[in-house]
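# Fold and geometry: a report
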Amino acid sequence: MSDPIDRIGLRPRFWEKVPMKKLTPHEWEALCDGCGKCCLNKLEDADTGEVVFTRIACRLLDGDTCRCGNYDCRKAIVPECVVLTPKNIAEIAYWMPASCAYRRVWEGKPLADWHPLVSGDAESVHRAGASVRGWTLPEFDIPLDEWEDHIIEEEL
């Protein structure tokens, strides 16, 4: 199988060898596995701090590609969008999905076998069932007071 991942400028297995703060912008972006889970709306219990995911996707999430439909302008369109960086991962990792490559690398864990950087195939995340492809709901279709009805029980 040919490797469709853009590896130009990526150091070999950089995620295992290079501290997050020393990744190039291209390496940082390549670390994203394309699952779309971080773009699910979450609910956080004000008393306990527990974060739960819902099936309700950000208005910008493309449900087929599991990528942001307007990545470069996302913060202007969705002001509450969190822009993950090496500088803020320590504060954000707790609510990232357990399978998230950024969280796994930050926690010192290996990337999953289905991660495109490991498999060489951008579709492997979807074939493995590790993405949100095909099962999200658009946020504007669900009233905010009904979001609790769409909590995902299993760990992401």
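Only a predicted model underlies this, so the values are computations on that prediction, with no experimental measurement involved.

## Observations concerning the overall build of the protein
- Looking only at helices and strands, the protein features seven helices and five strands.
- The helix and strand sequence of the protein, counted from the amino end, reads α-α-β-β-β-β-α-α-α-α-α-β.
- A principal-axis box enclosing the C-alpha atoms of the protein has dimensions of 45 × 35 × 30 Å.
- In the protein, buried positions account for 41% of the 156 residues.
- Across the protein, the centroid of the 19 positively charged side chains sits 10 Å from that of the 28 negatively charged ones.

## Describing the layout of surface pockets
- Roughly 940 Å³ of volume is contained in the largest pocket.
- Looking at the largest pocket, it is lined by 38 residues, and the ones nearest its centre are Cys38, Cys39, Cys81, Val82 and Trp95.
- Listed by contribution, the elements that provide at least two residues to the lining of the largest pocket are helix H2 (25–30), strand E1 (40–44) and strand E4 (67–68).
- In terms of residues, the lining of the largest pocket owes the most to one element, E1, which gives five residues.
- Split by residue class, the lining of the largest pocket holds 26 nonpolar, three polar and nine charged.

## What about the nonpolar core?
- Counting 21 residues, the largest nonpolar core has Phe14, Leu31, Tyr102 and Leu117 as the members making the most contacts within it.
- Examining the composition of this core, we find that three residues originate from one element, helix H5 (residues 101–106), more than from any other.
- If near-sequence neighbours (up to four positions away) are discounted, Phe14 is found in contact with Leu23, Glu27, Ala30, Leu31 and Leu117.

## Description of the sheet that holds E1
- In space, the three strands of this open sheet follow the order E1-E2-E5, with mixed pairing throughout. With one partner strand each, in any of the chains shown, E1 and strand E5 (137–138) form the two edges of the open sheet.
- Both E1 and strand E2 (residues 51–57) contribute to a ladder of four bridges, which runs antiparallel. In the strand pairing of E2, Leu40 is matched with Ala57.

## Looking at the packing of aromatic side chains
- Inspection of the entire model under this criterion finds two aromatic pairs.
- Ring centres of Phe14 and Trp15 lie 5.2 Å apart, and the angle between their planes is 85 degrees; on these two criteria the pair is classed as edge-to-face.
- Residue Phe14 is classed as buried on the basis of its relative accessible area, which comes to 0%.
- For Trp15, a relative accessible area of 8% translates into the label buried.
- Over the ring of Tyr71 we find Arg74, and its NZ or CZ is 3.8 Å from the ring centre.

## Some remarks on the pattern of salt bridges
- Under the defined criterion, the tally for this structure stands at eight salt bridges.
- For the salt bridge of Glu27 with Arg11, the shortest nitrogen-to-oxygen distance reads 2.5 Å. You can see Glu27 sitting in helix H2 and its partner Arg11 sitting in the segment before helix H1 (14–17), a full 16 residues away along the chain.
- Between Glu123 and Arg133 there is a salt bridge whose closest N-O contact spans 2.9 Å.

What counts, and where the lines are drawn
- Residues numbered from 1 in each chain as written.
- Predicted model: local features only at pLDDT ≥ 70, side-chain atom pairs only at ≥ 80, totals over all residues.
- Heavy atoms only, no water.
- Helix = DSSP H or I, 4+ residues; strand = E, 2+ residues; numbered from the N terminus.
- Buried < 20%, exposed > 50% of the residue type's maximum accessible area, 1.4 Å probe, protein only.
- Lys, Arg positive; Asp, Glu negative; His and termini not counted.
- Charge placed at Lys NZ, Arg CZ, Asp CG, Glu CD.
- 1 Å grid on protein atoms, 1.4 Å probe; cavity = no way out; pocket = protein on both sides within 12 Å on 5 of 7 lines; lining within 4 Å.
- Points joined across faces, edges and corners; volume = space filled by probe spheres on them.
- Nonpolar A, V, L, I, M, F, W, Y, C, P; charged D, E, K, R; others polar.
- Core = buried A, V, L, I, M, F, W, Y, C linked by side-chain atoms within 4.5 Å.
- Contact = heavy atoms within 4.5 Å.
- Pairing = 2+ DSSP bridges.
- Phe/Tyr/Trp six-rings, centres within 6.5 Å; stacked < 30°, edge-to-face > 60°.
- Lys NZ or Arg CZ within 6 Å of the ring centre and 35° of its normal.
- Salt bridge = Lys/Arg side-chain N within 4 Å of Asp/Glu carboxyl O.

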